[in-house]
Amino acid sequence: MAELLHQPFSSFSFNGMKLESRRVGDVRKVTSFKPLQCVLNEKDNRRIAVVKNGKDSLDMCRVVNGMWQTSGGWDGPAEDLYGIFINRIRRERPPDVLERVRGLTKWVPPPVKMTGSYVRQNIDISRKRMDVPSLDMLQFHWWDYSNTGYLDALKHLNDLKEEGKIKTVALTNFDTERLQIILENGIPVVSNQVQHSLVDMRPQQKMAELCQLTGVKLITYGTVMGGLLSEKFLDTNLSIPFAAPPLNTPSLQKYKRMVDAWGGWNLFQGLLRTLNKIASKHGVSIPTVAVKYILDQPAVAGSMIGVRLGLSEHINDANAVFSLVLDEEDMNSIQEVSKKGKDLLKVIGDCGDEYRRI
């Protein structure tokens, strides 16, 4: 471990943990050491996402419609952890339980030529690591739209789907234009994973309309903005040292930049106060209201909620989403403050553009 801290990178995965670090002089210091987005937990039930029809009590990390997100980084151990997990289910649970387990994994290939053999080889690696004959869902991401190899890759992925090696093919962080191109090329995808919150309503401006026309669903992340949309940051002033909780995770820092682009901390405080009033009315938390609002948006199938096992697990908040009903007054109050912010579609671009702009 000590040797790794001096290597020239900012993060790495180690035994299911993710370490973020920065160089100070000649020494690299750890700034964050925490569980990966999803890690195997062998003792307690852990649900890390909220879905509209979510039902389960299995010991796994939960994403959408009962499926486990295995994105621990491009080369992280999450697929191996899933393989361990699924074999535990095979050994310890009845066959009907195994039939209810679903696993997602993500593929983010380099911009090389997407040949059938190359795509097949990579999918076979995932199948072997997860120890399954067929991937329940393969989520595909592509960085550079000027390289149309993403169409070749998706065509090969759907060929593998026809062979039974993949059950469903999905996308992550594609924009509306490219999603339409993919569909017009006769490539069926079931969902697109995009950033979507009360601050970032971009998916509802273009993407949702196309999704409703074509049946593609949205899986949202960043819905509680790394924890910014919570009581923890209500009535705080970041401009005064130590007057607010520290932005000590990459997610908090990332979504604080989204707040700045949207309208700033003062306007964000107005949103939190509105959400707090609604939360108090229904006897729930601010994150519960924030997630429920997004789940009620057109084309949204599920919303991922991050977890830091042992620190903040959100189990009660997640469960409360299923019974919360926002009335017309609640919706109008949220929309009134939300529309005061800037149009992030104009500021940033469409879904996923935040990752592609220099």
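Residues numbered from 1 in each chain as written. Predicted model: local features only at pLDDT ≥ 70, side-chain atom pairs only at ≥ 80, totals over all residues. Heavy atoms only, no water.

Looking at an unreviewed UniProt entry, the chain carries the name protein TAS, with the source organism given as Salix koriyanagi.

A.B. asks: It is not clear to me how the overall build of the chain should be interpreted in this structure. Could you clarify?
C.D. replies: The number of helices and strands found in the chain is twelve helices and eleven strands. In the chain, which comprises 358 residues, the proportion classed as buried is 53%. When the accessible area of the chain is evaluated, it comes to approximately 16900 Å², of which 51% is carbon and sulfur surface. (Helix = DSSP H or I, 4+ residues; strand = E, 2+ residues; numbered from the N terminus. Buried < 20%, exposed > 50% of the residue type's maximum accessible area, 1.4 Å probe, protein only. Areas by Shrake-Rupley, 256 points an atom, 1.4 Å probe, with all protein chains shown as cover.)

A.B. asks: Where do I start with helix α4 (residues 149–163) in this structure?
C.D. replies: Helical periodicity: at 3.6 residues per turn, an α-helix aligns residues three or four positions apart in one direction. Helix length check: α4 (15 residues) gives 21 Å between terminal C-alpha atoms against 21 Å at 1.5 Å per residue, within 8%. Burial in α4 covers these residues: Gly149, Tyr150, Leu151, Ala153, Leu154, Leu157, Asn158 and Leu160. Buried residues along α4 sit against β6 (102–107), α3 (116–130), β7 (137–140), β8 (169–172) and α5 (176–184). With its phi angle positive at about 90°, Gly164 sits one or two positions after the end of α4. (Expected span 1.5 Å × (residues − 1). Contact = heavy atoms within 4.5 Å.)

A.B. asks: Just checking my understanding: could you explain helix α7 (residues 250–262) for this structure?
C.D. replies: Its 13 residues place the ends of α7 19 Å apart at the C-alpha level, agreeing with the 18 Å of an ideal helix rising 1.5 Å per residue. Within α7 the residues assigned to the buried category are Leu252, Lys254, Tyr255, Lys256, Met258, Val259, Ala261 and Trp262. Where α7 is buried, its residues meet β9 (191–195), β10 (217–221), α8 (265–282), α11 (328–338) and α12 (344–347).

A.B. asks: Help me out: how do you make sense of the nonpolar core in this one?
C.D. replies: Proteins that are soluble and globular tend to have nonpolar side chains buried together. Counting 46 residues, the largest nonpolar core has Phe140, Tyr150, Leu154, Leu157 and Ile182 as the members making the most contacts within it. Residue assignment for this core shows that the elements contributing at least two residues are α1 (78–92), α3, β7, α4, β8, α5, α6 (207–214) and α9 (286–295). Among the elements that take part in this core, α4 stands out by supplying six residues, more than any other. Counting 37 residues, the second largest nonpolar core, distinct from the first, contains Met201, Phe233, Leu252 and Leu267. (Core = buried A, V, L, I, M, F, W, Y, C linked by side-chain atoms within 4.5 Å.)

A.B. asks: Even after reading the chapter, I still don't get the packing of aromatic side chains, so can you show me in this structure?
C.D. replies: The geometry of two aromatic rings is summed up by the distance between their centres and the angle between their planes. Tallied over the entire structure, the rule returns ten aromatic pairs. Between Tyr145 and Tyr150, the ring centres sit 6.2 Å apart and the planes meet at 65°, which makes this aromatic pair edge-to-face. Note on Tyr145: relative accessible area 13%, which makes it buried. Pairwise contacts between aromatic rings join Trp107, Tyr118, Phe140, Trp142, Tyr145, Tyr150 and Phe174 into one cluster. (Phe/Tyr/Trp six-rings, centres within 6.5 Å; stacked < 30°, edge-to-face > 60°.)

A.B. asks: What exactly am I supposed to notice about the pattern of salt bridges here?
C.D. replies: Side chains carrying opposite charge are able to pair once their charged atoms draw close together. Under the counting rule described, the total for this entry stands at 19 salt bridges. Of the charged contacts in the structure, one is a salt bridge between Glu177 and Arg178, with a shortest N-O distance of 3.4 Å. Using a relative accessible area of 47% as the deciding quantity, one classes Glu177 as partly exposed. By relative accessible area, Arg178 is classed as buried at 15%. (Salt bridge = Lys/Arg side-chain N within 4 Å of Asp/Glu carboxyl O.)

A.B. asks: It is not clear to me how the packing of α5 against α6 should be interpreted in this structure. Could you clarify?
C.D. replies: In a pair of packed helices, the angle between the axes and the distance between the axes together describe the arrangement. One can describe the packing of α5 onto α6 by two numbers: an axis separation of 9 Å at closest approach and a directional angle of 20°. Taken as axis vectors, α5 and α6 run roughly parallel relative to one another. The chirality of how α5 crosses α6 is left-handed. Residues Thr176, Leu179, Gln180 and Leu183 of α5 form the contact with α6, whose own contacting residues are Met207, Leu210, Cys211 and Thr214. Across the contact of α5 with α6, the residue classes break down as five nonpolar, three polar and no charged. (Axes fitted to C-alpha atoms, helices over the stretch in contact; angles between N-to-C directions. Parallel < 35°, antiparallel > 145°, perpendicular 65-115°, else oblique. Left-handed = near helix turned anticlockwise from the far one by under 90°. Nonpolar A, V, L, I, M, F, W, Y, C, P; charged D, E, K, R; others polar.)

A.B. asks: Help me out: how do you make sense of the confidence of the model for the chain in this one?
C.D. replies: Should the pLDDT be low somewhere, the predicted coordinates at that spot are not to be read in detail. Of the residues in the chain, 77% reach a pLDDT of 70 or more, and the chain-wide mean stands at 81. Low pLDDT, under 50, characterises residues 1–75; the stretch is placed with 197 contacts to residues that sit more than four places away or in other chains. (pLDDT = per-residue confidence, 0-100.)

A.B. asks: Hey, could you run me through the pairing of strand β11 (residues 300–304) in this one?
C.D. replies: Regular strands have side chains that alternate between both faces of the sheet. In terms of burial, β11 is a largely internal element, five of the five residues being buried. In this structure, β10 lies alongside β11, joined through three bridges in parallel fashion. Bridging across to β11, Thr220 finds its partner in Ser303. (Pairing = 2+ DSSP bridges.)

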